[in-house]
Amino acid sequence: MEHIETVKWNVLERFSKVARFSRDTAANILEHPLARPIVPHLPPGVNNLLQSDPTVEEYDAGRLYLAKWALNVAEQAEDAARLEHPDQLLSNNWRKRWSDTELKPWEEETEVGTFEVLSGDSTLPPLHASRSEPLNAEKWFSFFDDAEGRLRVEISEVREAVFRGGVEDDIRIEVWKFFLGIYPWDSSRVERDSILEAKKKEYLDLKREWWDDPEVQSSSNYKEQKCRIEKDVIRTDRTISFFAVEDIPHPDPLSSASSTLTNNHLESMKAILMTYNFYKKDLGYVQGMSDLLAPVYVVMRDEITAFWAFVGFMNRVESNFYRDQVSMRKQLLTLDHLIQFMDPRLYKHLQKTESLNLFFCFRWILIWFKREFKWDDVLYLWEVLWTDYLSPQFHLFFALAILDKHRDIIMENLNQFDEILKYVNELSMNIRLDETLLRAETLFLQFQRMVNAIDRKRLENTKETSEGVRRRKGKDPASDEEGETSSSSNTTTAKLPVVSDLLRELLNNESSQF
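Here the residue numbering is sequential within each chain, running from 1 through the sequence in written order. Under the rules for a predicted model, residues below a pLDDT of 70 receive no local features and side-chain atom pairs below 80 are neither given nor counted, while totals for whole chains, interfaces and linings still include all residues. With hydrogens and water excluded, all non-hydrogen atoms of the structure serve as input to the side-chain values.

Helix numbering and strand numbering both begin at the N terminus, where a helix is a DSSP run of H or I of at least 4 residues and a strand a DSSP run of E of at least 2. Secondary structure assignment for the chain yields 25 helices and 2 strands. Under the scheme applied here, a residue whose accessible area is under 20% of the maximum for its type counts as buried, over 50% as exposed, and between as partly exposed, the area being computed with a 1.4 Å probe on protein chains only. Looking at the chain as a whole, 52% of its 514 residues qualify as buried. Any pair of residues with heavy atoms lying within 4.5 Å of one another is described as a contacting pair. Of the contacts made within the chain by residues no fewer than 6 positions apart, 76% connect residues no fewer than 24 positions apart.

See below:
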């Protein structure tokens, strides 16, 4: 059964990476000998892809078309509203839904839910999420003293500045060196120069493990990894000027994955990934890593510095690439809990459509939304997420924000797993970044408020129950009445939404920083 579950996960993972589905695509994957035993365990929407007749397919395509049309209408309305209020990225209706002290999504879910917990507290301030201009050179250098170049402000101030607006291009390379762990935050200018020299020597020593060793290069493992890296690099971000032009002879023209030409940047990318393969022998190179390296390399503009920046990034996300996929499962399960907690109606719809595996979010989390945004937006998003300003798992709130934007369209138009998968995959390159970041921050702040309110209510109910027990032990004449109050408090507590351990981890603000 464990083997079947593993294969099921791998098959659905492949589905999650496909941008457009057809019956033939599904058949091609599911007819694989390893996949046949798990077909009965897959969501009905996947099986339906194999068995649906053309009429049904046309009907399904019509529903998807209506969903896209509804999105287009909604965004046109939002654009019109922005012309009147250019500084307002989120609609008034959405702000009201999530920024009021009363939490309407739970009003219809429980008799005693967060709506009742919070609506009586008129002292709560409105939630405030904001975006700002990118951090510029003048502001960045003001964070450091002139004498030694040491940080002279709290790290939290730097994090907030980057979280609010990202950074301008001319200082990105320096800012990333801090956030990706090349430079310690408490280092001086002289110490940073020494660190770069030491990192250069260490990288060259690592590279020699495979670069200058014919025995290593003749091994089957090396050849397999070299072929895998070659295939991935030559199809990674080739529209970017760094990688677009092939202007030098390929060093290994007989390689099955290459043409006879290449360029220096492509070769540096391959060298970095092969060196990482030896640096992290227990993990090695895994498909998808080239997606994460490319932006880092372009920003660093240097093989050695890019390697160590990539190492810093991978220290944060390497568990995404573990073969047991425990980390990916945990993140998707946390997102499952988050949707259930924040939006029970959407959760019920995903449950009804057999979509709670959330495999349409798999690619988002695996490579940090790399394929969902244009190049410049990816750089901006990553540096925002690296700050850990609100939570080291803020990327899950960002994922929730994307789903939240499309919740009504999904619930009203999409009734099958494959329809939701198609719709979400085709959002790629059509997601508004600043709006989504605002939405994600608001969702985080509301989540934090909801958890605090539930904990406060539980504590109040526990105190009431304890007080009732003490009075009954003292044979208070009103003990019967107190007993009823205690029972009522216990009932109220039982009806409060559950805050799982996974959800509480989202509020742990211990940074992943170095």
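That shown, we press on.
Stacked, tilted and edge-to-face are the three classes applied to pairs of Phe, Tyr and Trp rings, where Trp contributes its six-membered ring and a pair requires centres within 6.5 Å; stacked means planes under 30 degrees apart, edge-to-face means over 60, and tilted covers the rest. For the coordinates displayed, the defined rule picks out 33 aromatic pairs. Ring geometry for F163 against Y389: centres 5.2 Å apart, planes inclined by 40 degrees, an arrangement best described as tilted. With F163 in helix α8 (residues 155-165) and Y389 in the loop between α20 (375-386) and α21 (394-413), the pair connects residues that are 226 residues apart, well separated along the chain. Take F163: its relative accessible area is 1%, and that puts it in the buried class. Under the relative-accessibility criterion, Y389 is labelled partly exposed at 22%. Pairing F242 with Y297 gives two aromatic rings, centres 6.2 Å apart and planes at 80 degrees, and the pair type is edge-to-face. In this pair, F242 sits in helix α13 (residues 241-244) while Y297 sits in helix α15 (residues 289-300), placing the two residues 55 residues apart along the sequence.

Here K207 is to be found in helix α10 (residues 189-211). If near-sequence neighbours (up to four positions away) are discounted, K207 is found in contact with A271, T275 and E303.

Considering the arrangement of structural elements, one finds V175 in helix α9 (residues 169-179). We classify V175 as buried; its relative accessible area is 0%. For V175 and V162, which are 13 residues apart along the polypeptide, the C-alpha to C-alpha distance reads 9.1 Å.

Attention now goes to the nonpolar core. Nine residue types can take part in a nonpolar core, namely buried Ala, Val, Leu, Ile, Met, Phe, Trp, Tyr and Cys, and a core is a set of them joined through side-chain atoms within 4.5 Å. W140, M289 and F321 are the most contacted members of the largest nonpolar core, which has 127 residues in total. The element contributing the most residues to this core is α21, with 12 residues. Counting contributing residues per domain, this core is built from domain 3 (168-320) and domain 4 (326-443 + 501-506), each supplying no fewer than three. Ignoring any residue separated from it by four or fewer positions in sequence, one finds M289 in contact with L273, Y276, L283, G284, F310, M314 and F321. Boundaries between domains were set according to an automatic or database domain assignment.

What follows concerns the packing of helix α17 (residues 326-342) against helix α18 (residues 344-352). Between N-to-C directions, angles cover 0 to 180 degrees, with each direction set by a line fitted to C-alpha atoms, over the stretch in contact for helices. Their axes nearest at 5 Å, the elements α17 and α18 cross at an angle of 125 degrees. Considered as vectors, α17 and α18 are oriented oblique to each other. Contacts from D336, I339, Q340, F341 and M342 in α17 reach P344, L346, Y347 and L350 in α18. Three classes are used: nonpolar for Ala, Val, Leu, Ile, Met, Phe, Trp, Tyr, Cys and Pro, charged for Asp, Glu, Lys and Arg, and polar for all others, with Gly counted as polar. When the residues that make up the contact of α17 with α18 are grouped by side-chain class, the tally is 7 nonpolar, 1 polar and 1 charged. Should an angle lie under 35 degrees it is considered roughly parallel, over 145 roughly antiparallel, and from 65 to 115 roughly perpendicular; all remaining angles are considered oblique.

At a minimum axis separation of 11 Å, helix α14 (residues 264-279) and α15 run at an interaxial angle of 125 degrees. Put simply, α14 runs oblique to α15. Here the hand of the crossing between α14 and α15 comes out right-handed. Between α14 and α15, the contacting residues are N264, H265, S268, M269, I272, L273 and Y276 on the first element and M289, S290, L293, A294 and Y297 on the second. Within the contact of α14 with α15, the residues separate by chemical class into 8 nonpolar, 4 polar and no charged. Less than a right angle of anticlockwise turn of the near helix away from the far helix marks a crossing as left-handed, whereas a clockwise turn marks it as right-handed.

To continue, consider the side chain of Q225. If you trace the backbone, Q225 turns up in helix α12 (residues 220-233). Judged by its relative accessible area of 6%, Q225 falls in the buried class. Pairs of N or O atoms are called polar contacts if they sit within 3.5 Å, as long as, within protein, a hydrogen donor faces a hydrogen acceptor (for residues adjacent in sequence, only side-chain-to-side-chain pairs). Of note is the side chain of Q225, whose polar atom sits 2.6 Å from the side chain of N277. Beyond its immediate chain neighbours, meaning those up to four positions away, Q225 contacts M274, N277, G284 and Y285.

Attention now moves to α14. Between its first and last C-alpha atoms α14 spans 22 Å; for 16 residues at 1.5 Å apiece the expected length is 22 Å, and the two agree. A large share of α14 lies buried, amounting to 12 of its 16 residues. Considered for burial, the residues of α14 that qualify are L266, S268, M269, K270, A271, I272, L273, M274, T275, Y276, N277 and F278. Regarding α14, its N-cap is N263, as a side-chain oxygen of that residue lies 2.8 Å from the backbone nitrogen of H265 further along. Any helix carries an expected span of 1.5 Å times its number of residues minus one.

Once that is clear, we can look at α12. Its 14 residues give α12 an end-to-end C-alpha distance of 20 Å, which sits within 8% of 20 Å, the value for a rise of 1.5 Å per residue. Residues of α12 that are buried: Y222, Q225, I229, E230, D232 and V233. Seen along its axis, α12 keeps its buried residues to an arc of 165 degrees; they face one direction. The secondary structure elements touched by the buried residues of α12 are α10, α11 (214-217), α14 and α15. The arc in question is the one spanned by the directions pointing from the helix axis to the C-beta atoms.

With that settled, consider the pattern of salt bridges. Here a salt bridge means any side-chain nitrogen of Lys or Arg lying within 4 Å of a carboxyl oxygen belonging to Asp or Glu. Per the stated rule, a full pass over the model turns up 29 salt bridges. The salt bridge partner of E230 is K270, with a shortest N-O separation of 3.1 Å. Highlighted residues: E230 in helix α12 and K270 in helix α14, separated in sequence by 40 residues. The class for E230 is buried, based on a relative accessible area of 3%. Two residues, K280 and E318, come together in a salt bridge whose shortest N-O distance is 3.2 Å. Here K280, found in the loop between α14 and α15, pairs with E318, found in the loop between α16 (303-317) and α17; they are 38 residues apart in sequence, far enough to count as distant. The pair K280 / E318 is uniform in exposure class, with both members buried. Through salt bridges with shared partners, a single network forms among D237, D291, K370 and R371.

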